[in-house]
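# Structural overview
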There are 2 protein chains.
Amino acid sequence: MTAWMLWPDMARQPNYGGFRAPPQSMGPPPGADPQLWQWFVSVDADRSGAISAEELKQALVNGDWSQFDLDTVKMLMGIFDTDRSGTIGFEEFSGLWKYISDWQGVYRHFDADRSGSIDGHELQRALSSFGYNLSPALLRLVVDKYVPPTEYGTPGGITFDRFVRACVVIKTITENFQRLDTDHDGWIQINYEHFLKIVLTAP
Amino acid sequence: MTAWMLWPDMARQPNYGGFRAPPQSMGPPPGADPQLWQWFVSVDADRSGAISAEELKQALVNGDWSQFDLDTVKMLMGIFDTDRSGTIGFEEFSGLWKYISDWQGVYRHFDADRSGSIDGHELQRALSSFGYNLSPALLRLVVDKYVPPTEYGTPGGITFDRFVRACVVIKTITENFQRLDTDHDGWIQINYEHFLKIVLTAP
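Note that the structure is a prediction, hence the values are computed from the model and not measured.

## A word on the overall build of chain A
Within chain A one finds 8 helices and 3 strands. Each helix and strand of chain A, placed in order from N terminus to C terminus, yields the pattern β-α-α-β-α-α-α-α-α-β-α. Taking the intrachain contacts of chain A between residues at least 6 apart in sequence as the baseline, contacts between residues at least 24 apart amount to 52%. Within the structure as shown, chain A displays about 9,500 Å² of accessible surface, and the carbon and sulfur contribution to it stands at 55%.

Below you can see the structure in the form of structure tokens.
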């Protein structure tokens, strides 16, 4: 049983990954979406009432059953731990759940050949549909950075978590650049401190 | 048995990680360092005569037994797969082995409190000893990015592989910046293509 069982029409589709299935059912608190509460409880392995980064890492899995990269997990914690408690409460979890579901939709949409994973060409199409018109040289660099290495030199698929990270990195860097490029000529002036800050705050 | 058994004087030190121990002994080819050959053979799990990224990822382990991040493994492949075959041959492996041993020495050196891992302050001292005089704000960003999240909000140690990656990222970005800062005033002019290229080629 995978996350896809929540949407029966997706059960026949390739496994794109997402949350591991919850081990057992528990009663939701009043007013909570029972299904979402069940996922929250299952991710909160130590039953502390909040999800730590480590618990999130254990709960998230790609379509090929590989774990999410620590950097992707940290990125998700950074976005959804809005009260900066270091953990994800139930309210925060519903935002995280929606974010991952939305990205699963994007990933599925761009998996044009229904292979179950995004290849370099599909990533390129995704990025240009988002409005990032990267040069062929840059697109190659993006693919090289985010494609996992494979055993026999054939390019492997870009797993879900690395696809999301690639897109978020391009978005973050581009927005930072555009903010500085006030005259829109494609060039910026930047000092060392700011330059490194942009690099270090990208996921 | 860990990698440290190669250097008997290190056997009493904390476990800083490195290669997993080889499962069994095999005879080296003529002229090869027998110990190094033994490690090479043990990492080359499918006995293909060359080490794939996946084999390298399986073989490398931090002091806390966590696996190296995929990005660190890809960085190592990028540095040492000098013939761009997609795998590491025995010649390339000896360079990789020395690189990791040297970084283990650096990691150990900066683990001032002998805790077995580098904390944020120790990373800061390491970076400034390398000549990177980052502002307190940047140092905090470096630590935030590379420290693994921990269960109870207490800052965890920076594992060996993330320590190496942090140092290499700072080095790469700084050198790229300095190359463009021809008048040494701490400011550069850069276009979008080049900016993104620097980000994407950093490990």
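## What to know about the packing of aromatic side chains
If you walk through the whole model with that rule in mind, you get 33 aromatic pairs over all chains. For the pair Phe40(A) and Phe90(A), a centre-to-centre distance of 5.3 Å together with 70° between the ring planes defines the contact as edge-to-face. In this pair, Phe40(A) sits in helix H1 (residues 34-43) while Phe90(A) sits in helix H4 (residues 90-110), placing the two residues 50 residues apart along the sequence. Ring plane angle 70° and centroid distance 5.2 Å describe the contact between Tyr107(B) and Phe163(B), whose orientation is recorded as edge-to-face. A residue pair is termed long-range when its members are at least 10 positions apart, and Tyr107(B) in helix H4 (residues 90-110) and Phe163(B) in helix H7 (residues 160-180) qualify at 56 residues. Both residues of the pair, Tyr107(B) and Phe163(B), belong to the buried class. Ring pairing ties together the aromatic residues Phe68(A), Phe80(A), Tyr99(A), Trp103(A), Tyr107(A), Phe110(A), Phe130(A), Phe160(A) and Phe163(A), which thus form one cluster.

## Observations concerning the UniProt feature "domain: EF-hand" (unreviewed entry) in chain A
All names here are of chain A. Those places that UniProt annotates as "domain: EF-hand" (unreviewed entry) correspond, in this numbering, to residues 31-66 and 98-133. Span residues 31-66 is 47% helix and 8% strand, its end C-alpha atoms 34 Å apart. Along residues 98-133 one finds 64% helix and 0% strand; the C-alpha atoms at either end are 27 Å apart.

## Focus: the interface of chain A and chain B
Accessible area lost during the coming together of the parts is what is often quoted as the interface size. Taken together, the contact between chain A and chain B spans 47 residues of the former and 46 residues of the latter. Regarding the contact of chain A and chain B, the summed buried area is about 4,400 Å², with carbon and sulfur atoms giving 65% of it. At the boundary of chain A and chain B, one finds 4 salt bridges. Asp71(B) is the salt-bridge partner of Arg162(A), the closest N and O atoms lying 3.1 Å from each other. The interface formed by chain A and chain B includes 20 residue pairs in polar contact (both at pLDDT 80 or more). Of all the elements in the fold, those that place two or more residues in the side of chain A that touches chain B are helix H2 (53-59), helix H3 (70-80), helix H6 (136-146), helix H7 (160-180), strand E3 (187-191) and helix H8 (192-201) of chain A. Broken down by element, the residue count for the side of chain A that touches chain B peaks at 9 residues, all from H8(A).

## Here we look at the pairing of strand E3 (residues 187-191) of chain B
Burial along E3(B) is one-sided: Ile188(B) and Ile190(B) are buried, while Trp187(B), Gln189(B) and Asn191(B), pointing the other way, are not. Of the pairings in the sheet, the one linking E3(A) to E3(B) comprises 5 bridges and is antiparallel in character. Within E3(B), the residue paired with Ile190(A) across the bridge is Ile188(B).

## Describing the packing of H8(A) against helix H6 (residues 136-146) of chain B
Relative orientation and spacing of two packed helices are given, respectively, by the angle between their axes and the distance between those axes. Direction vectors running N to C along H8(A) and H6(B) enclose 15°, while the axes themselves pass 10 Å from each other. Considering the angle they form, H8(A) stands roughly parallel to H6(B). Considering only the axes of H8(A) and H6(B), their crossing is left-handed. Two secondary-structure elements touch here, H8(A) through Glu193(A), Leu196(A), Lys197(A), Val199(A), Leu200(A) and Thr201(A) and H6(B) through Ala137(B), Leu138(B), Leu141(B), Val142(B), Lys145(B) and Tyr146(B).

## Considerations on unusual backbone geometry
Residues and elements named next belong to chain A. Non-glycine residue Arg 47 carries a positive phi angle of around 55°. The topology assignment puts Arg 47 in the loop between H1 and H2. What makes Arg 47 partly exposed here is its relative accessible area of 41%. With a phi close to 55°, His 184 is a non-glycine residue in the positive phi region.

Cut-offs applied
Residues numbered from 1 in each chain as written. Chains lettered and ligands numbered in written order. Predicted model: local features only at pLDDT ≥ 70, side-chain atom pairs only at ≥ 80, totals over all residues. Heavy atoms only, no water. Helix = DSSP H or I, 4+ residues; strand = E, 2+ residues; numbered from the N terminus. Contact = heavy atoms within 4.5 Å. Areas by Shrake-Rupley, 256 points an atom, 1.4 Å probe, with all protein chains shown as cover. Phe/Tyr/Trp six-rings, centres within 6.5 Å; stacked < 30°, edge-to-face > 60°. Buried < 20%, exposed > 50% of the residue type's maximum accessible area, 1.4 Å probe, protein only. UniProt positions renumbered as here; feature names shortened; annotations may be inferred. Buried area = accessible area lost by both parts, 1.4 Å probe. Salt bridge = Lys/Arg side-chain N within 4 Å of Asp/Glu carboxyl O. Polar contact = N/O pair within 3.5 Å; in protein donor to acceptor, adjacent residues only side chain to side chain. Pairing = 2+ DSSP bridges. Axes fitted to C-alpha atoms, helices over the stretch in contact; angles between N-to-C directions. Parallel < 35°, antiparallel > 145°, perpendicular 65-115°, else oblique. Left-handed = near helix turned anticlockwise from the far one by under 90°.

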